[in-house]
Amino acid sequence: MERGTRDQMLGRLAEATRSVAVAHPTRVAVDGPPATGKTTLADELAVVLRHQGRHVIRATIDDFLFPRAQRYPRGEYSAEGCYRDTHDHDALNRVLLDPLGPGGDRLFRHAVYDHAADTVLSPPVTAAPADAVLVFDGVFLLRPELIDRWDLRIFVSTALEKTVDRAVIRERRVSSRADVERRWRERYIPSQQLYLATVSPTDHADIVVHNDEPQQPAWEIRAH
């Protein structure tokens, strides 16, 4: 376990990214429960990599949701539904991860869904250079449907109870505290507990970042 400043942690993540030796774009997963700070970390890592001269593709699981009418067959507060029915993994593999992977043509789309408008997207195809880096954040990224698509796997860990308080602050302009707490305690936290119990994502991560104190993080670099 290492501990240091946020800049030191980001430097170590960038170093780990540079050390990946593949003949195609490097696909970096930044996994973790909601409100752990994984999106912020992914954004910051992308900035560091760009400063180092890398071409960075930044994408997120939120742009690979099923439309709202499809993603609640088990109910809006179902934890199992959150894990099993929310994200279009086939589309993610087809339009982004596989094109950037071994034998891919590097012609990709970064999204298939507009969350704000709840509409399907079909953005123009973009060509990635062979030495590009995909920094992709989201929940449940180390599940069986996706695990083999990543070249570097980062898991951002925070005490689940702490994510509730962070979510209340983050969403206070759009949701009441009661609504946020209900979604977290009935849907998001139990779905993460299901994921942790069935997949053990930290066992598959190359790096685990402990983000309870974002300005003084700790991290573990695993040897797989």
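Above: the structure in question.
The rules behind these values
Residues numbered from 1 in each chain as written. Predicted model: local features only at pLDDT ≥ 70, side-chain atom pairs only at ≥ 80, totals over all residues. Heavy atoms only, no water. Salt bridge = Lys/Arg side-chain N within 4 Å of Asp/Glu carboxyl O. Helix = DSSP H or I, 4+ residues; strand = E, 2+ residues; numbered from the N terminus. Buried < 20%, exposed > 50% of the residue type's maximum accessible area, 1.4 Å probe, protein only. Pairing = 2+ DSSP bridges.

S.K.: Teacher, can you tell me more about the pattern of salt bridges here?
M.R.: Here the idea is simple: oppositely charged side chains can pair when their charged atoms come close. With the rule as written, the count across this model stands at 21 salt bridges. A salt bridge links Asp 137 to Arg 58, with the shortest nitrogen-to-oxygen separation between them at 2.8 Å. Within this pair, whereas Asp 137 is found in strand S8 (residues 133-138), its partner Arg 58 is found in strand S3 (residues 56-60), the two being separated by 79 residues in sequence. The partner of Glu 186 in a salt bridge is Arg 182, and the shortest N-O contact between them spans 3.1 Å. Placement of both Glu 186 and Arg 182 in helix H6 (residues 177-199) is noted, with a separation of 4 residues, approximately one turn of the helix. The partly exposed category is assigned to Glu 186, whose relative accessible area is 37%. Look at the salt bridges and you will find they share partners, linking Arg 74, Glu 80, Arg 84 and Asp 85 into a network.

S.K.: How do you make sense of the pairing of strand S9 (residues 152-157) when you look at a structure like this?
M.R.: On any regular strand, side chains alternate: one points to one face of the sheet, the next to the other face. Across the 6 residues that make up S9, a large majority, 5, are buried. Relative to S9, strand S2 (residues 26-31) runs parallel, the two being bridged by 4 bridges. By the bridge assignment, Asp 31 is partnered in S9 with Phe 155. Note that S9 and strand S10 (residues 207-210) share 4 bridges and pair parallel. In the sheet register, Val 156 faces S10, and the bridge partner there is Val 209.

S.K.: Help me out: how do you make sense of the sheet that holds S2 in this one?
M.R.: Within a sheet, each strand pairs with its neighbour through backbone hydrogen bonds, oriented either parallel or antiparallel. Read from one edge of the open sheet, 7 strands run S1-S11-S10-S9-S2-S8-S3, paired in mixed fashion. Looking at which strands have only one partner, the edges of the open sheet turn out to be strand S1 (2-3) and S3.

S.K.: How do you make sense of unusual backbone geometry when you look at a structure like this?
M.R.: For residues other than glycine, phi is negative in most cases, and the peptide bonds are mostly trans. The phi torsion at Arg 106 lies on the positive side, around 65 degrees, for a residue other than glycine. As for its position among the elements, Arg 106 is in the loop between helix H4 (89-97) and strand S4 (107-108). Assessed through its relative accessible area of 31%, Arg 106 is described here as partly exposed. Here the phi dihedral of Phe 140 falls at roughly 60 degrees; this positive angle occurs in a residue that is not glycine. Mapped onto the elements, Phe 140 comes out in the loop between S8 and S9.

So yeah, pure geometry; function would need other evidence.
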